Amino acid sequence: MRKKKVGAIAIKSFALLVVLSTAYQAVAQEATTTYPSMAPIEQYLMPDQGAEIALARSAAPESISRDADVLVLGRHGFETAAKGKNGFVCIVERSWTSAPDPDFWNPKVRTPICYNAASARSFLRRNLKRTDLILAGRTKAQVDEAIGAAVDKKELPAMEPGAMCYMMSKQGYGGDTIKHWPPHLMFYFSQVDPATWGANLPDSPVLGMSDTQEHLTEFVVPVPRWSDGTEAR
Amino acid sequence: MTRKLAHNLSLSAFVLVAALIATRPAAAQDPEQPYPTMAPVEQYLMDRDAEIALARSAAPDAISHDASVIVLTRHGYETAVQGKNGWVCWVGRGWMAMFDHPEFWNPKVRAADCLNPPAARSVLPYAYKRTELLLAGHSKPEVIAAIKSAIEKKELPALEPGSVCYMMSKSSYLTDNGGHNAPHLMFYETSKDDAAWGANLTNSPVLSVNYWYISAQSYPQLKSFPPLSVFLVVVDKWSDGTPAPTM
């Protein structure tokens with residue numbers, strides 16, 4: 001049921017962009033059979049903590065990420081590895097929070113993100129909880145249900161005004177479906193109509209999606225350069 | 001990012017998005033005031049149809065086609081086209097810059113802009129007020145005092161969350177500096193902290209300016225205004241979908 005709803009949202013939100021979907025379906029089918037369940041936890045961990053910290057920081061320009069907190073993945077969830085002072089939090093997210101469904105259990109996924117303070121206090125908490133639940137052995141459906149319930153009970157906060165993040169790393173791995181995300185910024189709101197930002201319309205630079213279960217709307221705005229200042233073109 | 005969004009983006013052309021132009025709008029370099037006073041009002045006015053077309057060009061047609069359009073007259077802005085999607089497109093003039101901006105009275109400025117519904121409701125009223133008072137001949141200090149009074153009496157609204165505008169016209173003239181123009185989005189926030197978005201730092205794609213002033217030295221009363229920051233992100237395409245040159 002839930003999967004159908006998400007699929008419907010996808011079709012609605014990206015109706016103008018489905019030219020790629022045929023090719024995607026083939027890749028997705030293959031990926032689904034490739035990663036049917038969780039791999040051994042070791043495959044999701046990065047043995048070199050220094051490398052994970054560096055990858056996390058690469059999500060934003062060094063002028064931002066050098067003063068950010070950095071979280072790294074442990075066997076039971078994310079832990080603080082570096083304490084910052086500017087309110088940003090950088091992290092390398094794994095497949096269960098940041099990859100398309102076919103890559104949900106893909107152990108190779110590494111998605112560097114730097115959240116600003118407002119999103120670290122609001123949006124990031126959802127992904128930390130999601131990770132805790134996954135590592136505790138919950139299924140995808142159980143996790144989705146638990147997050148939605150926690151949002152409804154206000155155990156997880158609504159999005160704060162100005163919540164946004166940087167995803168400008170030249171590195172990382174988005175999954176077999178999308179191997180690398182172009183550099184972009186993301187903005188978080190507690191459920192608004194994507195049309196209020198003109199998202200998903202022809203020639204609009206903004207993509208957006210609402211999730212009614214989580215009362216969440218995410219907007220994506222591509223930017224021209226990687227975090228190190230080099231052109232992405 | 002949530003995996004649901006990742007899933008949807010993976011279906012989209014987002015993966016094909018090319019890099020964007022890497023430029024920052026040129027900051028005013030001249031410390032003197034090249035436009036110390038208002039020019040004759042005729043120099044700020046436009047042919048009505050041309051102004052409507054320029055206003056609409058601020059956003060992709062999919063947005064601006066159904067937007068309301070306002071145009072400048074001798075006494076202020078008036079509605080020229082009634083839209084149906086809540087967006088309002090218009091052509092800003094130099095005086096919509098900060099009060100101490102060197103190009104405040106630059107009659108060449110034509111800043112095509114489409115405001116989303118929250119911005120149309122909560123940002124545009126300030127533009128109306130400022131424009132009407134200036135065109136009526138009031139001085140900047142008088143305008144500032146009148147706006148402050150209106151804010152205190154709640155005649156002007158508080159900023160709505162999610163206020164955004166598109167400035168992607170190929171035909172805008174934003175400044176005498178640099179290439180005069182660059183396609184960008186602007187996000188209005190009540191934060192007065194540039195660092196909240198990592199703006200104005202090396203290699204950051206985000207610029208931030210204070211809506212009211214550059215330094216507030218000339219008009220210190222602006223310091224007591226409600227914080228209003230404008231965050232700006234340059235995009236890679238003009239509103240018609242053609243790529244913007246790298247600058």
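What counts and how
- Residues numbered from 1 in each chain as written.
- Chains lettered and ligands numbered in written order.
- Predicted model: local features only at pLDDT ≥ 70, side-chain atom pairs only at ≥ 80, totals over all residues.
- Heavy atoms only, no water.
- Helix = DSSP H or I, 4+ residues; strand = E, 2+ residues; numbered from the N terminus.
- Contact = heavy atoms within 4.5 Å.
- Axes fitted to C-alpha atoms, helices over the stretch in contact; angles between N-to-C directions.
- Left-handed = near helix turned anticlockwise from the far one by under 90°.
- Nonpolar A, V, L, I, M, F, W, Y, C, P; charged D, E, K, R; others polar.
- pLDDT = per-residue confidence, 0-100.
- 1 Å grid on protein atoms, 1.4 Å probe; cavity = no way out; pocket = protein on both sides within 12 Å on 5 of 7 lines; lining within 4 Å.
- Points joined across faces, edges and corners; volume = space filled by probe spheres on them.
- Expected span 1.5 Å × (residues − 1).
- Buried < 20%, exposed > 50% of the residue type's maximum accessible area, 1.4 Å probe, protein only.
- Pairing = 2+ DSSP bridges.
- Salt bridge = Lys/Arg side-chain N within 4 Å of Asp/Glu carboxyl O.

A short note on the overall build of chain A
The number of helices and strands found in chain A is eight helices and eight strands. Residue pairs in contact within chain A that sit at least 24 positions apart in sequence constitute 62% of those at least 6 positions apart.

So, the packing of helix α5 (residues 124-135) of chain B against helix α6 (residues 140-152) of chain B
All names here are of chain B. Axis separation between α5 and α6 bottoms out at 10 Å; the angle between their running directions is 145°. Between α5 and α6 lies a crossing of right-handed hand. When α5 is examined against α6, the residues Y126, K129, R130, L133 and L134 are found in contact with a partner set consisting of V143, A146, I147, A150 and I151. Partitioning the contact of α5 with α6 into residue classes produces eight nonpolar, no polar and two charged.

A closer look at the confidence of the model for chain A
Per-residue confidence for chain A averages 88 on the pLDDT scale, and 86% of its residues sit at or above 70. Per-residue pLDDT stays below 50 along residues 1-27 of chain A; that stretch engages in 42 contacts with residues further than four places along the chain or on separate chains.

Considerations on empty space enclosed by the protein
Enumeration according to the criterion identifies two cavities of 30 Å³ or more in this entry. For the largest cavity, the calculated volume is near 90 Å³. Considering the residues around the largest cavity, the lining is formed by 13 residues, among which P112, S169, Q171, H180 and W181 of chain A are closest to the centre. Estimated volume of the second largest cavity: approximately 70 Å³. What lines the second largest cavity is a set of 13 residues, and nearest its centre among them are F187, F189 and W197 of chain A together with E189 and W197 of chain B.

Comments concerning helix α7 (residues 123-135) of chain A
All names here are of chain A. Under the 1.5 Å per step criterion, the end-to-end length of α7 is 19 Å for 13 residues, consistent within 8% with the ideal 18 Å. Of the residues making up α7, those classed as buried are F123, L124, R126, N127, R130, T131, L133, I134 and L135. G137 lies just past α7 and shows a positive phi near 100°.

Focus: the sheet that holds strand β3 (residues 89-93) of chain A
Residue and element names in this part refer to chain A. With mixed pairing, the eight strands of this open sheet are ordered in space as β2-β1-β3-β4-β5-β6-β8-β7. The open sheet is flanked by β2 (77-82) and β7 (207-211), the only strands paired with a single partner. Across the sheet, the mean angle separating the axes of adjacent strands is 25° when strand polarity is ignored. Across two bridges, the pairing between strand β4 (residues 111-115) and strand β5 (residues 164-167) is antiparallel. Each residue of the ladder has a partner; that of C114, found in β5, is Y166. Its contacts with the sheet put helix α3 (residues 49-57) on β1 (69-74), β2, β3 and β4, and the angle it makes with β1 is roughly 130°. Contacting β1, β2, β3, β4, β6 (184-189) and β8 (216-222), α7 crosses the sheet at an angle of about 125° to β2.

Looking at the pattern of salt bridges
When the charged atoms of two side chains lie near each other, side chains of opposite charge can form a pair. Counted according to the given criterion, the structure contains 18 salt bridges over all chains. Linking R130 of chain A and E214 of chain A is a salt bridge whose minimum nitrogen-to-oxygen distance equals 2.5 Å. On the criterion of sequence distance, the pair formed by R130 of chain A in helix α7 and E214 of chain A in the loop between β7 and β8 is long-range, its members being 84 residues apart. Of the two residues examined, R130 of chain A and E214 of chain A, each falls in the buried class. One salt bridge in this structure joins R121 of chain B and E160 of chain B, with 2.8 Å as the shortest N-O distance. Of this pair, R121 of chain B sits in helix α4 (residues 117-122) while E160 of chain B sits in the loop between α6 and β5 (164-167), and the two are 39 residues apart along the sequence. Take E160 of chain B: its relative accessible area is 25%, and that puts it in the partly exposed class. Look at the salt bridges and you will find they share partners, linking R126, R130, D144 and E214 of chain A into a network.

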